[in-house]
Every structure is written in C-alpha cells, then in structure tokens.
Amino acid sequence: MIVKDDQSVPDNAKRLAQELIVNDKVNFLGAGLTPSAMSMAPIATEGKVATVVMVSGTSVVTERSPYYARTSFTLGQQSGIIANWALKNGSKKAVSALSDWAPGAEAGKVFEANFTKGGQILDTLKVPLANPDFSPFLQRAHDLQPDTLFVFVPAGQAGTFARQFSERGLDKSGIRLIGPGDIVDDDDLPTTGDALLGVVTAGMYSAAHPSQLNKDYVAAYKKATGHRANFISVGGYDGMDLIYHALQQTKGNTNADTVIGVMRGMKWESPRGSISIDPVTRDIVQNIYVRKVQKVEGEPWAIEFETFPAVKDPLKEAAAVH
Ligand code: PHB
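Residues numbered from 1 in each chain as written. Predicted model: local features only at pLDDT ≥ 70, side-chain atom pairs only at ≥ 80, totals over all residues. Heavy atoms only, no water.

### Let's talk about the sheet that holds strand S1 (residues 28-31)
Here's step 1: The three strands lie next to each other as S1-S2-S3, forming an open sheet whose pairing is parallel. The open sheet has two edge strands with one neighbour each: S1 and strand S3 (68-70). When the angles between neighbouring strand axes are averaged without regard to direction, this sheet yields 25°.
Here's step 2: When S1 meets strand S2 (residues 50-53), the two strands line up parallel, connected through four bridges. By the bridge assignment for S2, Ala-31 is matched with Val-53.
Here's step 3: Along the sheet, helix H9 (residues 256-263) makes contact with S1, S2 and S3, crossing S2 at roughly 40°. (Pairing = 2+ DSSP bridges. Helix = DSSP H or I, 4+ residues; strand = E, 2+ residues; numbered from the N terminus. Axes fitted to C-alpha atoms, helices over the stretch in contact; angles between N-to-C directions. Contact = heavy atoms within 4.5 Å.)

### What about helix H6 (residues 158-167)?
Within an α-helix, residues lying three or four positions from one another point in the same direction, as the helix has 3.6 residues per turn.
Here's step 1: Listing the buried residues of H6 in full gives Ala-158, Gly-159, Phe-161, Ala-162, Gln-164 and Phe-165.
Here's step 2: Here the buried face of H6 lies against helix H5 (135-143), strand S6 (148-152) and strand S7 (176-180).
Here's step 3: Backbone geometry just downstream of H6 places Gly-169 in the positive-phi region, at approximately 80°. (Buried < 20%, exposed > 50% of the residue type's maximum accessible area, 1.4 Å probe, protein only.)

### Section: the nonpolar core
Here's step 1: By size, the foremost hydrophobic cluster in this structure holds 30 residues, and its most contacted members are Ile-82, Trp-85, Phe-111, Phe-150, Ile-178, Met-204 and Tyr-205.
Here's step 2: The element contributing the most residues to this core is helix H3 (residues 75-88), with six residues.
Here's step 3: When near neighbours in sequence (up to four residues on either side) are disregarded, Ile-82 contacts Phe-111, Phe-150, Ile-178, Gly-179, Val-200, Thr-201 and Ala-202.
Here's step 4: Counting residues in hydrophobic clusters, the runner-up holds 24 residues, among them Leu-125, Phe-161, Leu-170 and Ile-183. (Core = buried A, V, L, I, M, F, W, Y, C linked by side-chain atoms within 4.5 Å.)

Take a look at the structure:
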C-alpha cells in the first residue's frame, strides 16, 4: 500500500494518481475528498484502474468514472431522513447553515426538498469552507427565530462549530439543532463538553453502534491511533475491505472491468451495520440511523434510536425516475 498526501488540492490528486499508475503500477486507487475524487476520475478511467471512493459525499462523483465504487456516504442519504424526522417532531420553521461547497449544496438541496413538504425554510446561509468563523451565521440564524437549525459542516469542523454554538448561547436558546452526521463527528465529540447534548442527526456511523464487530473496530482503532473511530475512518476501513472481498472473488485478478463487475451488488457486514454496493450505480447502500447526543460514562456519544435500512442515494434515485 502506498500512501500519498494530496493536501486536499485537486491538481495534486490528479498528478499523484497519474504517477501511481504509470510509475508504481498500482492495481487500485483510493479517492478522498470530493474535489480530489472529481479530478482523479479521468485518470482512473484512462488508466483502467478500479478506484474506491472512501471519503467523498457528493452524489455525482460515482458517475465521473465507470471504475469508481463508493464506500463513504452521500449527504443526501442523511439529509432527507433528518428533514422528515424534524417535521414529524414538530419543526415548522428552519434555517439552514451550509459549508459552501458541493457536499453542503447537496445537503441543503435534499433537506429543503423534504422539509418544505410541511415546513418553511426562513433562510439558507452559506459558510466559507476554509477557516470558518461560524459566529456571524449563528447570530443571523438566531435573529431569524427559527424553531430548527439545520447545519452541515465537514469532518474536522464540528469541534469549532460546537464551541461557537455554545459561546453564542444557542445551546440554551430552545432552537433545535439537527443535521447529517458530520456535525457530531466522533473525532470531535469527546472535546465538545455539553455543547451538543440533545442534538439529533441522521448519520451512517456512530462509534456507539452496538454491534460486536463495531466494538472490536472502535477498540482496535483507539489502540492504533489514540482517537475515537469516526465516520470518515469507517469509509476507509470498508474501502479496503471491499478491495479484499473483490480480490477473493476474482482470485487475484485486478482487471478493472472484472473487479468492478464483482463489486457490483456485493453485500457485507461493516462496523456501521450491513452495507452493499448498488449493482447499477456502484454507490453505497447503507442503513441511516437517527441518533441523539447523550453522555455515557462522562463523554458525549451519538446514540442510535431509529434505523432506516438499506438507504440509497436519493439524488440518483430521483434522476432514475425522471
Ligand atoms: C466530501 O464530499 O469530500 C466530504 C463530505 C463530508 C465530509 C467530509 C468530506 O464531512
């Protein structure tokens, strides 16, 4: 296994993918963030290299190369379910605050499509992706007096968001905070104190998922890294697992058409629960859990209380119908 750092710069990802194929003659590639996964796609296609998308959450990414399969998630999978949960539980007026890039736009699009079936969106606020200061957006959201605040921030920003959320007193304002799983990232949760207690999200992974496989995964991850396993880690773990299962089936044949052929429809058990690769779209099909942040033994965890089984990417589903 060769690990390269693209520093989240799409041009670097493209160049590195090219070098890995031409110089290192790799049999597989792994793709990360949406912009990098987008820029690598033509390289994977031309080089005929099966590629597992392990981080990106944007719907269109898997359509950029016939050799892409995804083990991460889409924002749409989670955002529609939390919109429905909020409506069912009395939310009527919402403000969205979205990190201003493709995954944020998709989270907002699916949330709004579902929420407006019974509720109203007062405003959609776009928060810069780089070095975000959430304070002005939180102030604006507060001033609009919604009953519900829907927030998407990407992995790595939940800690800063939680701190500014409680500094502004929004945790005590009575406004219900909801979102896809990213705002309660397990990597940050242990440091958020009481700021996110009671927050309800729809997500594909919680380190508190009560299966033996997950308990073992969380313990092994902690031992290896010192951190609590999070939703990004499980996309990587399952991506490697997918490659392993595919190679078992092809008996070591790495031809991209053969590999993607066996990945289509593959179903297996992940620390997050049962997952599969959609045979048509090569995208991940997974359970989405509704979770509430609660303190267990002194630390906040996202505790699952409702399961939506085998959820597909709703944006691809919508496109297929029309
Ligand atoms: C991405 O699409 O690259 C992405 C989405 C959500 C995250 C992190 C990365 O939390």
